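# Remarks on the overall topology
Residues per chain are reported as follows:
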Amino acid sequence: MTDDLHSDEQRYYQRQMILPGWGMEGQRRLKAGRVLVVGAGGLGAPVLQYLAAAGVGTVGIADGDFVELSNLHRQVIHTIDDIDRAKVDSAADKLRRQNPHVAVVTHAFPVTAENAADLVAAYDLVADCTDNFATRDALQAACLTARKPLVSGAAQMTDGTVTTFTPYRGAGHPCYRCLYPAALSATLTPSCSEIGVAGPVLAVIGGFQAMEVIKILIGDGDTLSGRILIVDGMAARVTEVAIEKRADCPVCAVASFSPR
Ligand SMILES: [Zn+2]
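Rules used in this analysis
Residues numbered from 1 in each chain as written. Predicted model: local features only at pLDDT ≥ 70, side-chain atom pairs only at ≥ 80, totals over all residues. Heavy atoms only, no water. Helix = DSSP H or I, 4+ residues; strand = E, 2+ residues; numbered from the N terminus. Rg over C-alpha atoms; globule rule 2.2 N^0.38 Å. Buried < 20%, exposed > 50% of the residue type's maximum accessible area, 1.4 Å probe, protein only. Contact = heavy atoms within 4.5 Å. Areas by Shrake-Rupley, 256 points an atom, 1.4 Å probe, with all protein chains shown as cover. Core = buried A, V, L, I, M, F, W, Y, C linked by side-chain atoms within 4.5 Å. Donors = N, O, S within 2.8 Å, 3.2 Å for Na, K, Ca; no water. Tetrahedral: all angles 85-135°; square planar, octahedral: opposite > 155°, others 65-115°. Axes fitted to C-alpha atoms, helices over the stretch in contact; angles between N-to-C directions. Parallel < 35°, antiparallel > 145°, perpendicular 65-115°, else oblique. Nonpolar A, V, L, I, M, F, W, Y, C, P; charged D, E, K, R; others polar. Polar contact = N/O pair within 3.5 Å; in protein donor to acceptor, adjacent residues only side chain to side chain. 1 Å grid on protein atoms, 1.4 Å probe; cavity = no way out; pocket = protein on both sides within 12 Å on 5 of 7 lines; lining within 4 Å. Points joined across faces, edges and corners; volume = space filled by probe spheres on them.

### Digging into the overall build of the chain
Along the chain, the regular secondary structure elements total twelve helices and eight strands. In summary, the chain has a C-alpha radius of gyration of 18 Å against a globular reference of 18 Å for 260 residues, a match within 12%. In terms of overall dimensions, the chain has a C-alpha envelope of 50 × 45 × 40 Å along the principal axes. Looking at the chain as a whole, 49% of its 260 residues qualify as buried. Within the chain, contacts between residues separated by at least 24 positions form 64% of all contacts whose residues are at least 6 apart in sequence. Accessible surface for the chain amounts to roughly 12100 Å². Of this, 56% is attributable to carbon and sulfur atoms.

Put into structure tokens, the structure is as follows:
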């Protein structure tokens, strides 16, 4: 695919291309960008829709689940007509209708420690929109090894968090394990089917994730690497907390000593 912008694309993106730091060059960078969104659920819905609308050239969707009725209150990319369809197919249909200039690639299987590296290899960066620690660990490891940014969102009940991991950049850039040591993560396993989740909180977190991806591709703005935003939906409050890079981190400490 050429990265030239046709006149109809320029009209499509005109309201964002006039933004400071964006312009034709920023839009070309978005079009050249390849982003993998893991999870086509509550977080994946806004992330996918905003990335496709913004003109990210290639959007990959990885998810092995099928659409259920109990998904629809928050997974707003799917509709009542999509029940029992693969989520990747349902989501891809919407994105192709939303923006025909975007190439949508589907991966209809769960991301695991076994397949994460191969999947990540085909993309520039990854948005983690999953809901379990096993997949998060697999993506973290694959992105660290491949030296690719990982934009991570999470939400439960009426709260959410969002941050970006670029631990291969060295000092000041922690990883997922710096934030959540292994011993801690094993205890944090209730799912939204057990404790619930409010749809709009996912939109807030997913919106931040999409903005992180866009900034990274354009190469402008400050990312969330080294800090995490904690959103309290009920209090209507966003708190920013610094994440320290752990000197003894088993995942990123060694890698940080040998930057390429
Ligand atoms: Zn670390």
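### Side note on the nonpolar core
Membership of the largest hydrophobic core comes to 44 residues, with the highest contact counts inside it found for Leu30, Val35, Val37, Leu48, Leu51, Ile61 and Leu95. The set of elements that each furnish at least two residues to this core consists of β1 (34-38), α4 (44-54), β2 (58-62), α5 (87-98), β4 (125-128), β5 (150-156), α11 (199-218) and β7 (227-232). The leading source of residues in this core is α11, at eight residues. With residues up to four places along the chain from it excluded, the contact list for leucine 48 reads Val37, Ala40, Val59, Gly60, Ile61, Ile77, Ala91 and Leu95.

### Looking at the coordination of the zinc ion
The protein atoms that coordinate the zinc ion are Cys175 (SG), Cys178 (SG), Cys249 (SG) and Cys252 (SG), at distances of 2.2 to 2.3 Å. Taken together, the four donor atoms coordinating the zinc ion and their angles of 100 to 120° define a geometry best described as tetrahedral. One chain supplies every donor for the zinc ion, spaced along it as C-x2-C-x70-C-x2-C. Of this pair, cysteine 178 sits in helix α8 (residues 176-179) while cysteine 252 is found in the loop between β8 (237-242) and α12 (253-256), placing the two residues 74 residues apart along the sequence. On the basis of relative accessible area, cysteine 252 is assigned to the buried category, the value being 0%.

### Concerning the packing of helix α3 (residues 23-32) against α11
For the pair α3 and α11, the least separation of the axes is 8 Å and the interaxial angle reads 110°. With respect to α11, the axis of α3 lies roughly perpendicular. Residue-level contacts link Gly26, Arg29 and Leu30 of α3 to Ile214, Leu217 and Ile218 of α11. Looking at the contact of α3 with α11 residue by residue, the class counts come to four nonpolar, one polar and one charged.

### Let's talk about the side chain of serine 225
Considering the arrangement of structural elements, one finds serine 225 in the loop between α11 and β7. For serine 225, the side chain forms a polar contact with the side chain of histidine 173, separated by 2.7 Å. Setting aside anything within four residues of it in sequence, one finds serine 225 in contact with Thr164, Thr166, Gly172 and His173.

### Remarks on the layout of surface pockets
In this approach a probe as big as a water molecule rolls over the atoms, and the regions it shows empty are the leftover space. Roughly 1200 Å³ of internal volume is contained in the largest pocket. Every residue lining the largest pocket is counted, 48 residues in all, and those nearest its centre are Thr130, Asp131, Asn132, Arg136 and Ala155. Taken together, the elements giving at least two residues each to the lining of the largest pocket come down to α7 (133-146), β5, β6 (159-165), α8, α10 (192-195) and β7. In terms of residues, the lining of the largest pocket owes the most to one element, β6, which gives six residues.

Read these as geometric descriptors, not functional statements.
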